[in-house]
Amino acid sequence: MADEETTIRLIRVDDAGVIAAHRARDRQANATREPAQPDEFYTEAGQRRRIETLLGEHDRGERWPAVILADGEVVGQVTVSTILRAPFRKGFLGYWVASASSGRGHATRAVSRILTVMTEELGLHRAEAHTRMDNLASQRVLRANGFQPWGVAHAHIFLDGAWHDEVFWERTLDDAPSS
Ligand SMILES: CC(C)(COP(=O)(O)OP(=O)(O)OC[C@H]1O[C@@H](n2cnc3c(N)ncnc32)[C@H](O)[C@@H]1OP(=O)(O)O)[C@@H](O)C(=O)NCCC(=O)NCCS
């Protein structure tokens, strides 16, 4: 079977319904991997409010929140957050893909596309990400996009009732001098 096409675009408020449905479907599966969220996170109204906040941060240049599309359908999110300007010119990557669409290369291709946004649209020089030690799928996504692990942060994230170590990842995007 041919690969589905993977594209990304800026998130819109009318993505709230499909995102809430994906998040609600995967709530149990992700309970040990993602921070606990209030019940409204899994509703269309809650996602609408959240997307409005994300778009406000985008307008202030702090974040680039995108959806991942598989053949035009929303299947996940990829976001550049904590955008810092010169002298750092860097951003932090986060992403998820709905379990119904996982294992088809969407996260790998979506990260590749957002690295282009980070370079060409945002003018950033460096990308960073964190993964849990046991999140091998996410580590594959980062390695396939040229990221290297540079350290382990001990007891870095509190999930599912315990502190977990995380691997820190980095990738430079260009060698141009900071401006
Ligand atoms: C991690 C996640 C983003 C991967 O999305 P995806 O679209 O399935 O990823 P891709 O299909 O592009 O690539 C997954 C890679 O991991 C590999 N993989 C999947 N499960 C694996 C496992 N248990 N062990 C090792 N590798 C695994 C796949 O074979 C693939 O590698 P390959 O391309 O070299 O064959 C998705 O599972 C997810 O959203 N998980 C929950 C949230 C999360 O963990 N986000 C990342 C936080 S750092």
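See the structure printed just above.
Counting restarts for each chain, with residues numbered from 1 along the sequence as it is written. Residues qualify for local features only when their pLDDT is at least 70, as the model is predicted, and side-chain atom pairs are given and counted only at 80 or more; totals for whole chains, interfaces and linings, by contrast, use all residues. Side-chain measures here rest on the full set of heavy atoms in the structure, leaving out hydrogens and waters.

The salt bridge criterion pairs a side-chain nitrogen of Lys or Arg with a carboxyl oxygen of Asp or Glu, the two atoms within 4 Å. Under the criterion given, the structure shown has 14 salt bridges. As a salt-bridge pair, arginine 60 and glutamate 62 come within 3.1 Å of each other at their nearest N and O atoms. Residue arginine 60 is classed as exposed on the basis of its relative accessible area, which comes to 56%. Burial classes: relative accessible area under 20% of the type maximum marks a residue as buried, over 50% as exposed, and values in between as partly exposed (1.4 Å probe, protein chains only). Taking relative accessible area as the criterion, glutamate 62 reaches 36% and is therefore assigned partly exposed.

This next bit is on the nonpolar core. Grouping buried Ala, Val, Leu, Ile, Met, Phe, Trp, Tyr and Cys residues that are joined through side-chain atoms within 4.5 Å yields what is termed a nonpolar core. Membership of the largest hydrophobic core comes to 27 residues, with the highest contact counts inside it found for Ile8, Leu93, Ile114, Met118 and Phe147. If you list the elements that add at least two residues to this core, you get strand 2 (64-70), strand 3 (73-84), helix 3 (106-121), strand 5 (126-132), helix 4 (136-144) and strand 7 (162-172). Among the elements that make up this core, the one with the highest residue count is helix 3 (seven residues). If sequence neighbours within four positions are ignored, methionine 118 has contacts with Val80, Gly91, Leu93, Gly123, Leu124, Arg126, Ala127 and Leu173. In terms of nonpolar packing, the next biggest core, distinct from the first, is built from 10 residues, Ile19, Val67, Val74 and Trp96 among them. Only DSSP runs of H or I covering at least 4 residues are called helices, and only runs of E covering at least 2 are called strands; the numbering of each starts at the N terminus. We call two residues in contact whenever any of their non-hydrogen atoms come within 4.5 Å of each other.

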